[in-house]
Amino acid sequence: MRDVCSYGYFLLAPNVWDPDRKTMTRPLNLENGVATLTIAQPDIKKGSPIKAVADRALTRSEQQDAKRQLIRMLRLDDTSPADFHRTDPRWKKSGKARLSRSPTVFEDIIKTVTSCNVTWPSTVNMNKRLCEVVCPAFPTPKQMARKRPATLRARCSVGYRDQRMVDLAKMAVRGELDLDHLEDPTVSDDDIYETLLALPGIGPYAGANIMSLLGRYSRLAIDTETIRHGKVVLGYKGSDLAIRKKLEKHYAPFGEHKFRSYWFEVWDFYESKQGPAHTWAPRAVVNAFTASNLK
DNA sequence: GGTAGACCTGGACGC
DNA sequence: GCGTCCAGGTCTACC
């Protein structure tokens, strides 16, 4: 379950992490409505099975769909950790390689939009309100496409992102935003990045961040947090532009895995401040992860 | 291609 | 309690 707590989105609604029980509770959109699953790993030994219990009976097809969504969330189908550890052996002993993510690409895209140009507490609030106002298992493209931008702004505190979110949802519903294309492993990184940058609300940072959640780690998602990491942890000095260049050079040797090498350095820093991520109580850390609080 | 300013929210701070 | 300032990426207009 350590890998559940490997990326900040595990702290965002509708995910609920219980640090005492070491369980993740997560509502999912399924064929016959929302079902809430509690995910746990009863035996903490490496490689032991993960168990999920639903709060209602699931049909066979719902069970299969829930399993598919959980596999995506926990990256249980990721076959690249060994290659990552060969490229960056620093993480081999701990086994760190997987970044948790959302059950759907659409949710990862919207969550990334809610993380842009705001401090972390606002991101937490936007996701909480989207689940309260639109759908408890996180809005689907259809549900969000039906909302008026003004409703999202007034009731979910998404600000100027309102129109962009509704536009993204409408594009997904109409097929102009092809979510399957984004998950197609035969498509090149450059193609995916170009596709993402053409979307409303997605710039260089958001595009690279979404790519990492798609399992494509060849680009750094550089934001103020990355600059802070360069200054505080790597000891770089100079202008932000100079630090960006040093960061790109620093992570270049990790090639296809550079985002993961960067991310686990950042995550180590967070854990040095707050303790292991699986011990974090969501309410207690809500104000902790903002660059200005980590200087 | 590079840059300035607008876009919003919520927290911090001063009064 | 109110007003002001600031942090945070994307987008557009302009040079």
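This one's a predicted model, so the numbers in the text were calculated from it and none came from an experiment.

Tallied over the entire structure, the rule returns 21 salt bridges. Its salt-bridge partner being arginine 68, residue aspartate 65 comes within 2.5 Å of it at the nearest N-O pair. Of this pair, aspartate 65 and arginine 68 are both found in helix α1 (residues 60–74), three residues apart, which corresponds to roughly one turn of the helix. With its nearest N and O atoms 3.3 Å apart, the salt bridge here joins arginine 72 to glutamate 183. Here arginine 72 is found in helix α1, whereas its partner glutamate 183 is found in the loop between α8 (179–182) and α9 (189–197), with 111 residues between them in sequence. Taking the relative accessible area as the measure of exposure, arginine 72 reaches 7% and is therefore buried.

Let us look at unusual backbone geometry. With an omega of 5°, the peptide bond between alanine 13 and proline 14 qualifies as cis. Within the secondary structure layout, proline 14 lies in the segment before β1 (16–18). Residue arginine 75 is not a glycine yet carries a positive backbone phi of 60°. Topologically, arginine 75 is positioned in the loop between α1 and α2 (81–87). Of note, phenylalanine 138 is a non-glycine position whose phi angle comes to about 85°, a positive value. Among the secondary structure elements, phenylalanine 138 is positioned in the loop between α4 (120–133) and α5 (141–145).

A few words on the side chain of asparagine 15. You can see asparagine 15 is positioned in the segment before β1. Judged by its relative accessible area of 9%, asparagine 15 falls in the buried class. Separated by 3.0 Å, the side chain of asparagine 15 and the backbone oxygen of tyrosine 9 make a polar contact. Engagement of the side chain of asparagine 15 in a polar contact is seen with the side chain of arginine 26, the distance being 3.2 Å. Those residues in contact with asparagine 15 that sit more than four places away from it in its chain are Tyr9, Phe10, Met24, Thr25, Arg26 and Met73.

This paragraph deals with the packing of helix α3 (residues 105–114) against α4. Viewed as axis vectors pointing N to C, α3 and α4 meet at an angle of 135°, and their least axial separation amounts to 9 Å. Relative to α4, α3 is oriented oblique. Across the interface between the two elements, Ile110, Lys111 and Thr114 from α3 touch Thr123, Met126, Asn127 and Leu130 from α4. Residues that form the contact of α3 with α4 fall into these classes: three nonpolar, three polar and one charged.

This brings us to the packing of α3 against helix α10 (residues 204–213). At a minimum axis distance of 10 Å, the contact between α3 and α10 shows a crossing angle of 145°. The crossing of α3 and α10 is right-handed. Packed against α3, whose contacting residues are Asp108, Ile109 and Thr112, the element α10 presents Ala206, Asn209, Ile210 and Leu213 at the interface. Considered class by class, the residues forming the contact of α3 with α10 number four nonpolar, two polar and one charged.

Entries for chain A in the domain assignment read domain 1 (2–91), domain 2 (105–213) and domain 3 (224–293). Centre-to-centre, using C-alpha coordinates, domain 2 lies 23 Å away from domain 3. Of the residues lining the interface, seven residues belong to domain 2; the matching set on domain 3 comes to seven residues. Of the roughly 490 Å² buried between domain 2 and domain 3 on both sides combined, carbon and sulfur atoms contribute 65%. The largest per-residue losses of area from domain 2 upon contact with domain 3 belong to Trp120, Pro121 and Ser212, which jointly make up 65% of the total buried on that side. The tally of links from domain 2 across to domain 3 stands at zero salt bridges.

Parameters and conventions
- Residues numbered from 1 in each chain as written.
- Chains lettered and ligands numbered in written order.
- Predicted model: local features only at pLDDT ≥ 70, side-chain atom pairs only at ≥ 80, totals over all residues.
- Heavy atoms only, no water.
- Salt bridge = Lys/Arg side-chain N within 4 Å of Asp/Glu carboxyl O.
- Helix = DSSP H or I, 4+ residues; strand = E, 2+ residues; numbered from the N terminus.
- Buried < 20%, exposed > 50% of the residue type's maximum accessible area, 1.4 Å probe, protein only.
- Polar contact = N/O pair within 3.5 Å; in protein donor to acceptor, adjacent residues only side chain to side chain.
- Contact = heavy atoms within 4.5 Å.
- Axes fitted to C-alpha atoms, helices over the stretch in contact; angles between N-to-C directions.
- Parallel < 35°, antiparallel > 145°, perpendicular 65-115°, else oblique.
- Nonpolar A, V, L, I, M, F, W, Y, C, P; charged D, E, K, R; others polar.
- Left-handed = near helix turned anticlockwise from the far one by under 90°.
- Domains from an automatic or database assignment.
- Buried area = accessible area lost by both parts, 1.4 Å probe.

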